Structure formats: structure tokens, C-alpha cells
Amino acid sequence: MLTSALKIVTRYSSMFLPAAALLTVAVLALFQPRFLTAENLINVLRQSAFLAIFALAQMIPVLTRGLDLSQGGIVGASSVVFALAASGLGIPAGGFFGLLVGATSGLLNGYMVAILRVSPFVATLGVGSILQGLALIVSNGQPIFDVPSGFAALAWGQVAGVPLPAGVAIAVLVLVHIVLTRTVPGRFVYAVGSNEAAAVLSGIPTRWVLLGAYTCSGILTALGALLLSARVNSGHPTVGADTALQAIAAVVIGGVSLFGGRGSAIGVMLGALFLGLLGNALNLLNVSSYVQQIVIGGAIIVAVALDRLRIRA
Amino acid sequence: MNTHRTFVAAIALVCAIGGWILADSHRVLGQAGGSSEIITLPDNFNVPDVKPNRKYKIGVLFPFLAAPFWVNEAYGVLDQAQKFGLEVNWLSADGYTNIDKQNSQIEDLITLRVDAILLAATSFSGTVPAVERAASAGIPVFTHVTSSNTPVIKAAVLTDDLAIGRKQAEFMGAALGGRGEVAMLSGPAAAEWSMKRAQGFKEIMAQKFPNIKIVAERFGIPDRADPQRLTQDLLVTFPQLNGIFTVADGMALGAADAARAVNRIEKMTITTASFSREAVPYIQAGYIKLDIDESPVITGRMVVNRSVEFLNGQTVPKLTYVPIPGWTKESLKTVDSAHHWAPESWKIR
């Protein structure tokens, strides 16, 4: 009987996320009339956008059977560099240097993983710690709030009613989706994640694929950091310290396998949206912060368990 | 080889840019907008009751709750709100670095159309846009313990963190006879409250006790384990160390444990703040020489009072500083626990 139940669960596991999201919406609509207002839905879009960008960034190394634990450090370092450079040179220049931090960090991660063959866990954890320390040194441990006017508008502005960060997240989604599904390098990412040895034998330049995967992850993380800095209207060395764990949660809930080779950008976006929705729901229902941690942890465990069941099936 | 060259070239470019930015990297915190309506409450202040005109709905935000200070402060807020019959939505950001989470919580409270938001900010500057959105939505925002750098705040009930640091320095300087080596355990990096305490300490040390050398400053979470480890290393590195400044007493407990383990507690002057129940045995034993009470219960009660007074239509002072009495082994005999701490059986719900 248990085997039959497991088979049913596995068969319909791909519907878990949409079903959970619908259930959340239904419960909220019933118990909290303010949930379905345009104001709140726009809030959810804006709040989820940052996590979506970080999750899409995290997705790429995860597809290669790695992960990027340096995201928190990249966010802090990019945030500080962005704010400092923006205050002296203007927002576009600040953005460029902020993204450069992400690109360099990603390149460093990729070099260690692809060339030096260091475990992604160790490599990215070390890089993240270094970046966090550098961010604190450069900022002297203080937030940089001397930023140009218009800085906050990057995160709080809207275009045709759509929050700017949500627009950026959608653009990132489209880009990542097209690259992963419609380009040769994108297919290589899946191949390396599925079976790196077979990919090597097939002539796929696996080192370049890994280097590219981590570099792209770094750049996208830095992009999210720029928007997050605008949201908090300052460069902050420790903002986003939990980014990596939250992003991994969204990636896993979105159906990307931690064992590599399987997952979609659209799934990751839905995973991020679901986490944003869940957080919003729990706040609007006045659920204690302590209980919220249990609920979110439970959702992650269910998602990982379903992933394992699918693999075994 | 091409890969290596490309990589090295990229790193060199970024180092060059980074060095240029580093040369222009110093920024200082601004100060909150001044106000002539500043009240400092006296020691042993008794918080009055205020009658609300109706059952107001308030949103209360905390940066962190897993620390005795915040539990006591939450008790002050929630008990006072319950006494007045208010409806409360409370949320915690679960970490001083979770600024965006707190911003999202402010947005959700706006959606819920609460009558007022009582905010203990994770960041002085990072919460400004969200707070201003709340104000634009017609929701008055009051800050407690830590504020937000915007003039839209209706009233703030704060701890004077600079004064806490200065008080500790005065005590330390006198206790060391104006001579010695001091280490600083300065709390979470980039948390404004801890930075101000450290700043206040350094100011007085530099001005009044030039022969006391600050040999080291370390940052960390204000719990017990990490500061214990840090102190162990400091005691080895600086054999003449005879003073430790800490921003919160969780850190002081860890530091004291480390000093006791190597029999250096007798000659060590440890000062701290927060005045939690846990610290009392250490103060009584003389391990902690000074613990400054941040009056969390008074803070919590007063911010509720200010919000109710405002919603009732009264004028409220812009800034209220709560009392910060210092407790030593001698003065501890007069402490009234109900005034300072949540009851032991009280649980946050």
C-alpha cells in the first residue's frame, strides 16, 4: 500500500508546486480579504523578484551538480562597490562596477571548481567569506547611505504598474530560459550536470562550461545585489547574508535537482514566487515568526523528498 | 594556459579597480534629524497607563528575538498592548542583516491597513524607503530601540547607544586607574546600535584615558559562544590585557568564561550592556563589573504609549530616551526584577 501511495505521489510530484500555490491563494482569499488587492499582489511581485533573480543565478551551478555558497558575499561586496562608485561616478558606472564584482567572483569560483577541481561547496564558501570580509573592510563596517538621488527608484519604481525589479526578474528569466534550452552552451550545462564523465567523452569542453556557469551565476547575483541595494537605499556590507540558502530553497522547490542535469528556469521562478507568496500569506495571517520558520522549512523538505522519489522512480 | 592568462588578467583588472575604489571608500553615518522635543526618562521611571479611544490595530516589528534583551522588550510591547486591549500583528526579521525581509514586513503591514507600525529597525538607512511608503499610506510609524533615518517617524523611543558606550568608558577608565590594555567585542558588524556603543567608548577613551590602549576590536554575534572563542585568542595574544568592552552581556558572559578558564578574571574589568537575568550571577560574583540596563521593558511600554497617545490625537515628543542605569555588584541589591525583565514564565505568542 505504501509502495502504491509512493508511486502516486511520484507520478504527480510535478503538480506539487502549482497545487501548493493554489492552496495558499485559496486559503488567503478566504481568510484575508486584503490578499487579492492589486496593492498586495504588486508587493508580492516586488518582494519575490529579488529572490527570483538570486535563484535563477543559483540554478546554473546547481544544474552542473554544484552550488554557489558565495552569493551572500557577492551581494555584500557588490552592494558596497555599487553604492561607493555610484556616489562618485553616477548610477550607471556604479552598476558596471557592481556587476564586475559579481563577474570576477564567479570567475574565481569557476576557476577553482573547473581548473583546480576544488569541491564547489568548499570553493564557493571560501570565496563568499573572503568577499564578506572585503565588503566590511571597504565599507568600514558601516552602511553607505550617501547615494545619488534616483538610487532607490531602481527598486521602488514601476513601469505600467509592474514593479521594476519584477520586470528585471522576468527579463532574467527569459534570458536564462532561452540560453539553457535554445543554445548549445545551455545544453552543455545539462549534459555536464547529468554525467560529467560522459560529457567529457562526448567532446564537451566541460571546464569552460563550469567556468561559464559560475561566472554567469556571479553576474546575475550581482544584478540582484544592485536592485537589493536600491531597495534598502544604501550599500550594505551584510545585506543578503542568507541569500545562498534562500536561493537554494527556491531552486529546490522549483524542481531543480541537487544532483544536477534536471530543472527549468520557469520552475525556479515559480519556486521563488511560491516562497514569496508563502511569506506574504504567513504575514497577512499573523502567523508567528517562529512558526513561519517551521512552515518554510517543511516546504523545503517536502520539495527535496519529492525530488528524491522522482529519481528513485 | 589561455584559461590561466585570461583568469589572471581579469583578477588584475578588478584589483586595480578595487584599489581605486578603496581610496575613496570612507563614509560615515549621518545623525538622525535633530528635534527640540527630546525627553530623557529618569531612572526608576514608572510607565503610566494610557486609555485608547478605540481598539487600535498595531503592527510591531522586531529585528531579532532570540536574545534576552529582545524577549524583554517584546514583553514590554505586547504586555502593554494587551493591557490596553489593542490588536497586535507582530513579526521578527530573524536577524540584523535581514533588512529586506523587514521591508517586506512593513509592506505587508501596509496591506493590512494597521493603525500604526511600531518598528525596531534592522537598519538605520535600509528601512527608510519602506517606512516612507507607510507614511505615504497614512500609517504613522513609531520606532523603538533602533530608529530609521527619516523625518516621517512620528516618535521614537530609543536607547542612547552613544551614551552607553561613553558610560562604559568612564567606568573602565576609572577602574583601570587610567592605565592598561583593553579589547573591544563590538557586536555584529554593520549593526548601527553596536557601532554607536563602540564609537562612544572609543571617544571617551581617546579624550580622557590616553594611557589606556585599545589593543584589539572584534565583531561577532552577541551570543556567548563566539565571544568566548574570541576572548580566548585575545588572552593569548595580549598577556597584559586587563579590560574587555562588550556591547551586550551575552558577549560579556562568554568573555568572562574565557577569562575564568585561565584564571585571569580577578584582574579583568569587563563592562557590558543589556542587563539580562543571565548576567546577574556574573555581576554578583564580580566577573562583570558594570552592566548597563537598556530598560527594554520601559522601551516597549513607552512606544505603545506614544502610539496610542498619537492615535488619540495628542502631541507626542519626537524622541524619548529611556533610562540607562549602570548595575554593579553593590547596586544590584536594589534591583526590582519586574521593572527590568519579562516574568520567567512569560512566552512570546
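Residues numbered from 1 in each chain as written. Chains lettered and ligands numbered in written order. Predicted model: local features only at pLDDT ≥ 70, side-chain atom pairs only at ≥ 80, totals over all residues.

Undergrad: Quick one: what's the story with the overall build of chain B, residue by residue and with numbers?
TA: When helices and strands are tallied, chain B shows eleven helices and 13 strands. Considering only contacts in chain B between residues 6 or more positions apart, those separated by 24 or more positions represent 76%. (Helix = DSSP H or I, 4+ residues; strand = E, 2+ residues; numbered from the N terminus. Contact = placed C-beta atoms within 7 Å.)

Undergrad: An account of helix H10 (residues 296-311) of chain B is requested, with residue identities and associated values reported.
TA: Residues and elements named next belong to chain B. An ideal rise of 1.5 Å per residue puts 22 Å on 16 residues; H10 measures up with 23 Å between its terminal C-alpha atoms. For H10, a buried count of 14 out of 16 residues is recorded, marking the element as mostly surrounded by other parts of the structure. Trailing H10 by a residue or two, Gly313 shows a phi angle of about 100°, which is positive. (Expected span 1.5 Å × (residues − 1). Buried ≥ 20, exposed ≤ 12 C-beta atoms within 10 Å, placed from the backbone.)

Undergrad: So what about the pairing of strand S2 (residues 57-62) of chain B? Which residues, and what values?
TA: Residue and element names in this part refer to chain B. The element S2 is extensively covered by neighbouring structure, given that five of its six residues are classed as buried. As paired strands, S2 and strand S3 (residues 87-92) are joined by six bridges and run parallel to one another. Looking at S3, one finds that Lys57 is bridged to Glu87. Handedness of the S2-helix H2 (residues 68-83)-S3 crossover: right-handed. As defined by bridge partners, S2 adjoins strand S4 (residues 116-119) across four bridges and the pair is classed as parallel. The partner of Val60 across the bridge, within S4, is Leu118. (Pairing = 2+ DSSP bridges. Right-handed = clockwise from strand over helix to strand, strands pointing away.)

Undergrad: Which residues make up the nonpolar core, and what values go with them?
TA: Ranked by size, the top nonpolar core spans 103 residues in total, and within it Ile53(A), Ala55(A) and Leu56(A) carry the most contacts. It is helix H3 (residues 38-63) of chain A that provides the largest number of residues to this core, a total of 15 residues. With residues near it in sequence (within four places) discarded, Leu56(A) still touches Val172(A), Leu173(A), Val176(A), Leu220(A), Ala265(A) and Val268(A). Within the second largest apolar cluster, 99 residues are counted, among which are Leu78(B), Ile164(B), Val247(B) and Ile298(B). (Core = buried A, V, L, I, M, F, W, Y, C linked by C-beta atoms within 7 Å.)

Undergrad: Lay out the interface of chain A and chain B with the relevant residues and their values.
TA: Contact residues are listed per partner, giving 46 residues for chain A and 40 residues for chain B. Counting residues per element, the ones that place at least two in the side of chain A that touches chain B are H3, helix H4 (71-89), helix H5 (91-115), helix H6 (120-139), helix H11 (206-231) and helix H13 (265-284) of chain A. For the side of chain A that touches chain B, the element with the most residues is H5(A), which contributes six residues.

Undergrad: Provide a residue-level description of the environment of Val75(A), including the pertinent values.
TA: Residue and element names in this part refer to chain A. Here Val75 is to be found in helix H4. What makes Val75 buried here is the crowd of 34 C-beta atoms within 10 Å. C-alpha of Val75 to C-alpha of Gly218: the two residues are 143 residues apart in sequence and 9.3 Å apart in space. Beyond its immediate stretch of four places on either side in the chain, Val75 contacts Thr221, Ala225, Leu228, Val239, Gly240 and Thr243.

Undergrad: Explain the sheet that holds strand S8 (residues 212-218) of chain B to me, and be specific about the residues and the numbers.
TA: All names here are of chain B. With respect to topology, six strands assemble into an open sheet ordered S8-S7-S9-S10-S11-S13, the strand pairing being mixed. In the strand order of this sheet, the two ends are held by S8 and strand S13 (326-327), each with one partner. Bridge analysis of strand S7 (residues 180-185) against strand S9 (residues 241-246) gives five bridges, and the strand direction is parallel. Pairing of Val182 across the sheet is with Gly243, part of S9. Taken strand by strand, helix H5 (residues 161-175) contacts S7, S8, S9, strand S10 (269-273), strand S11 (290-292) and S13, and its axis lies near 165° from that of S10. Packed onto the sheet, helix H7 (residues 225-237) meets S7, S8 and S9 and runs at close to 155° relative to S9. (Axes fitted to C-alpha atoms, helices over the stretch in contact; angles between N-to-C directions.)

Undergrad: Now, about the packing of H5(A) against H11(A): what can you tell me, with residues and values included?
TA: Residues and elements named next belong to chain A. For the pair H5 and H11, interaxial distance at closest approach is 7 Å and the crossing angle is 150°. As the angle between them shows, H5 and H11 are arranged roughly antiparallel. Viewed along their axes, H5 and H11 form a crossing whose handedness is right-handed. For the contact of H5 with H11, the per-class residue count stands at 18 nonpolar, eleven polar and one charged. (Parallel < 35°, antiparallel > 145°, perpendicular 65-115°, else oblique. Left-handed = near helix turned anticlockwise from the far one by under 90°. Nonpolar A, V, L, I, M, F, W, Y, C, P; charged D, E, K, R; others polar.)

Undergrad: Tell me about unusual backbone geometry, and please be specific about residues and values.
TA: Only a minority of non-glycine residues have a phi that is not negative, and only a minority of peptide bonds are not trans. Residues other than glycine seldom take positive phi values, yet Asn233(A) does so here, at roughly 50°. You will see that Ser274(B), though not glycine, has its phi angle at about 105°, which is positive. Note on placement: Ser274(B) falls in the loop between S10 and helix H9 (280-284).

Undergrad: I'd like a description of the packing of H5(B) against helix H6 (residues 192-208) of chain B, backed by residues and values.
TA: Residues and elements named next belong to chain B. In the contact formed by H5 and H6, the axes pass within 7 Å of each other and the chain directions differ by 40°. Taken together, the axis directions place H5 and H6 in an arrangement best described as oblique. Viewed along their axes, H5 and H6 form a crossing whose handedness is right-handed. Residues Asp161, Leu162, Ala163, Ile164, Gly165, Arg166, Gln168, Ala169, Glu170 and Gly173 of H5 lie in contact with H6, whose contacting residues are Trp193, Lys196, Arg197, Ala198, Gln199, Gly200, Phe201, Glu203, Ile204, Met205 and Lys208.

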